[in-house]
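Chains, contacts and geometry: an overview
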Amino acid sequence: MNKPAELKLDTVPCWIGGKPVVSAGRMGEVYNPATGQVARRVPYCDAAAIDTAVQAAMAALPDWRDASILRRARVMQKFLHLLQAQQKDIARLITAEHGKTLPDAMGSVQRGIEVVEFVCGLPQLLKGEYSENVGTAVDTHSLRQPVGVCAGITPFNFPAMVPMWMFPVAIACGNTFILKPSEKVPSAAIRMAELFKEAGLPDGVFNVVHGDKAAVDAILAHPGIAAVSFVGSTPIAKYIYETCAKNGKRVQALGGAKNHAVVLPDADLEFAADALIGAAYGSAGERCMAISAVVAVGAAGDPLVKLLEKKAKAIKIGPGDQDGVDMGPLITGQHRDKVASYIEKGKAEGAKAVLDGGKPSLKEGYFLGTTLFDHVKTEMEIYKHEIFGPVLIVLRADTLEEAIALVNRNPYANGTAIFTESGGAARRFENEVQVGMVGVNVPIPVPVAFYSFGGWKNSLFGDLHVHGAEGVKFYTRTKVVTTRWPHQDTPAPGLNMPTLG
Ligand code: NAD
């Protein structure tokens, strides 16, 4: 039974061994950012609570990794249907804890659901290779086997989608999983755990723990955890990567972003401006794929900034669950103040504040207006840092070459976009830009489940992106098996490596 009543708990529990558990010890508060009021409490796990979850995941591992791949895929199919039926419930939880608008939350849950849809076909991707006669009467085949207990540590900005980049793939591959969602938005994870159990997932295969650095450090140190996936800010991503490497764990750690959109003078500027407004201010700029820097080339600059100003002014700000609202609040009061301080810095640094949204008009909640800066220089703080708020900056470049060089000098390299009518210019951009995800007349290359998602440079520590075929690689280990069935006419090998096949 899908009972939204379970979502109204005052305390959001952990989920360990197939049931809700409230660990003893520290508690944190979960806010409704649209009101600034505390809405729920959440336990912060310590090392002992993390160990309980690891023990549950280890106990469930042998049966789950040996369950037939079709059985695993069928649980995923059932989970898929339950998620589709409960999409709006999950989206409402996201809006209540994160603040983004309900339609935006629905879209983000949809992107996560698509990963579950993708892994329903996982038996096809788990097929190994086989070569007959690698030597005379000797055959070799390869297997992809689960790595063991995996953990996911996720950020506040996508409470359902980012966890679903990870755990459906890991679990379909035969691993068991421990998710540590952001302590700011803990409820969606618990709702997904309930639905997964209802889909027939055995207890202990999927566990959810809550908390802050102490919980994360206990995950990184636990010898029972084989692999860690992380998505969050760059300094923490680097810390996770280094600590996991030191502790002998497989790791992928996706970090922050400063995504540039290059707009050439031949672009349809009205179309480009609409796309940039959505990408810059959607979800109040709290997206890893937000376009936060526009590089206007040559004559595109002045008319583009005029269009951006007009459209950014028209954005309706308010609580995310109200009809007609385009942009909700920021996640916390502290984050709102940090974004506001960047706006002050930008003005002090001499950037032109075309629109200054630094002073919120709403009395309660963590709202800010839309800010647009023009004539920003690369040495300014507002360019160098990921602001993660509704602040769009415009830099000017004379040529495409100069624009590409500017994008490539930035240490972040998550996503980028080009707006142009020229196929040649777009091809050159695609070829030369040093960034992991590229949009051509598409501002935010949203995650496509059957492709992978991830950046380069300071936006990703590790070798493999999430989901798609790269996700399957991350959550499996290759084993190569070579077989000979001796009989009388094949001589036994001698001491030397064979020179003939
Ligand atoms: P964050 O780095 O503060 O937190 C991410 C996770 O790490 C959370 O679960 C948090 O509890 C934990 N954490 C926080 N501080 C820690 C510490 N000192 N030690 C150990 N663990 C710690 O990120 P956030 O503010 O929740 O999310 C926003 C960031 O995530 C932005 O930088 C954004 O660009 C990034 N992000 C990146 C992608 C991507 O695909 N590259 C996607 C979404 C978000």
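Residues numbered from 1 in each chain as written. Predicted model: local features only at pLDDT ≥ 70, side-chain atom pairs only at ≥ 80, totals over all residues. Heavy atoms only, no water.

1. Some thoughts on the confidence of the model for the protein chain
When pLDDT is averaged along the protein chain, the result is 95, and 97% of the positions lie at 70 or above. Below pLDDT 50 for its whole length, residues 1-9 participates in 14 contacts with residues either more than four positions away or in separate chains. (pLDDT = per-residue confidence, 0-100. Contact = heavy atoms within 4.5 Å.)

2. Things to note about the sheet that holds strand 6 (residues 138-146)
A sheet is described by the order of its strands in space; here three strands give the open sequence 5-6-22, paired in antiparallel fashion. The sheet is open, and its two borders are formed by strand 5 (130-135) and strand 22 (476-484), each paired with just one other strand. Ignoring which end each strand starts from, the neighbouring axes of this sheet average 30 degrees apart. (Pairing = 2+ DSSP bridges. Helix = DSSP H or I, 4+ residues; strand = E, 2+ residues; numbered from the N terminus. Axes fitted to C-alpha atoms, helices over the stretch in contact; angles between N-to-C directions.)

3. Section: the pairing of strand 7 (residues 149-153)
With five of its five residues buried, strand 7 lies for the most part within the structure. Neither face of strand 7 is open: one carries Val149, Ala151 and Ile153, the other Cys150 and Gly152, and all of them are buried. Where strand 7 and strand 8 (residues 176-180) come together, five bridges link them in parallel fashion. Opposite Cys150, over in strand 8, you have Phe177 as the bridge partner. Running through helix 6 (residues 161-172), the crossover from strand 7 to the neighbouring parallel element strand 8 is right-handed. (Buried < 20%, exposed > 50% of the residue type's maximum accessible area, 1.4 Å probe, protein only. Right-handed = clockwise from strand over helix to strand, strands pointing away.)

4. Quick word on the nonpolar core
Judged by nonpolar contacts, the single largest core of 136 residues is most densely connected at Trp165, Ile171, Phe177, Phe206, Val262 and Val263. Here this core gathers at least three residues from each of two domains, domain 1 (2-255 + 459-480) and domain 2 (259-440). Core analysis: the next-biggest nonpolar cluster, separate from the first, contains 28 residues, Ala49, Ile178, Cys244 and Ala253 among them. (Core = buried A, V, L, I, M, F, W, Y, C linked by side-chain atoms within 4.5 Å. Domains from an automatic or database assignment.)

5. Description of the environment of Pro447
Looking at the element boundaries, Pro447 is found in the loop between strand 19 (437-440) and strand 20 (456-457). Given the relative accessible area of 10%, Pro447 is considered buried. Distance in space between the C-alpha atoms of Pro447 and Leu269 is 25 Å, their sequence separation being 178 residues. When near neighbours in sequence (up to four residues on either side) are disregarded, Pro447 contacts Arg111, Met161, Trp165, Phe453 and His467.

6. Looking at the pairing of strand 4 (residues 37-43)
Pairing of strand 3 (residues 27-32) with strand 4 involves six bridges; the strand directions are antiparallel. Residue pairing in the sheet places Glu29 in a bridge with Arg41 of strand 4. Turn length for the strand 3-strand 4 hairpin, with the two strands adjacent in sequence and antiparallel, is four residues, and the turn residue Gly36 shows positive phi of about 80 degrees.

7. Things to note about the pattern of salt bridges
Inspection of every chain in the model, using the stated rule, returns 22 salt bridges. Here Glu114 ties to Arg111 by a salt bridge, and the two come within 3.2 Å at their closest N and O atoms. One end of the pair is Glu114 and the other is Arg111, both in helix 4 (residues 102-119) and three residues apart, which spans about a single turn. On the basis of relative accessibility, which here comes to 25%, the residue Arg111 falls in the partly exposed class. A salt bridge links Glu242 to Lys238; the nearest nitrogen and oxygen atoms lie 3.4 Å apart. Pair noted here: Glu242 and Lys238 are both in helix 9 (residues 234-246), with a separation of four residues, about one helical turn. (Salt bridge = Lys/Arg side-chain N within 4 Å of Asp/Glu carboxyl O.)

8. Describing the side chain of Arg336
Tracing the backbone shows Arg336 in helix 12 (residues 333-349). Only 3.4 Å separates the side chain of Arg336 from the backbone oxygen of Gly365, close enough to count as a polar contact. (Polar contact = N/O pair within 3.5 Å; in protein donor to acceptor, adjacent residues only side chain to side chain.)

9. Some points on the sheet that holds strand 19
With respect to topology, seven strands assemble into an open sheet ordered 14-15-16-13-12-18-19, the strand pairing being mixed. The open sheet is flanked by strand 14 (352-355) and strand 19, the only strands paired with a single partner. Strand-to-strand twist in this sheet, taken as the mean axis angle between neighbours without regard to direction, amounts to 20 degrees. With five bridges connecting them, strand 13 (residues 291-297) and strand 16 (residues 391-397) associate as parallel partners. Note on strand 16: the bridge partner recorded for Ala296 is Arg396. Together, strand 14, strand 15 (371-374) and strand 16 form the strand contacts of helix 12, whose direction differs from that of strand 15 by roughly 25 degrees.

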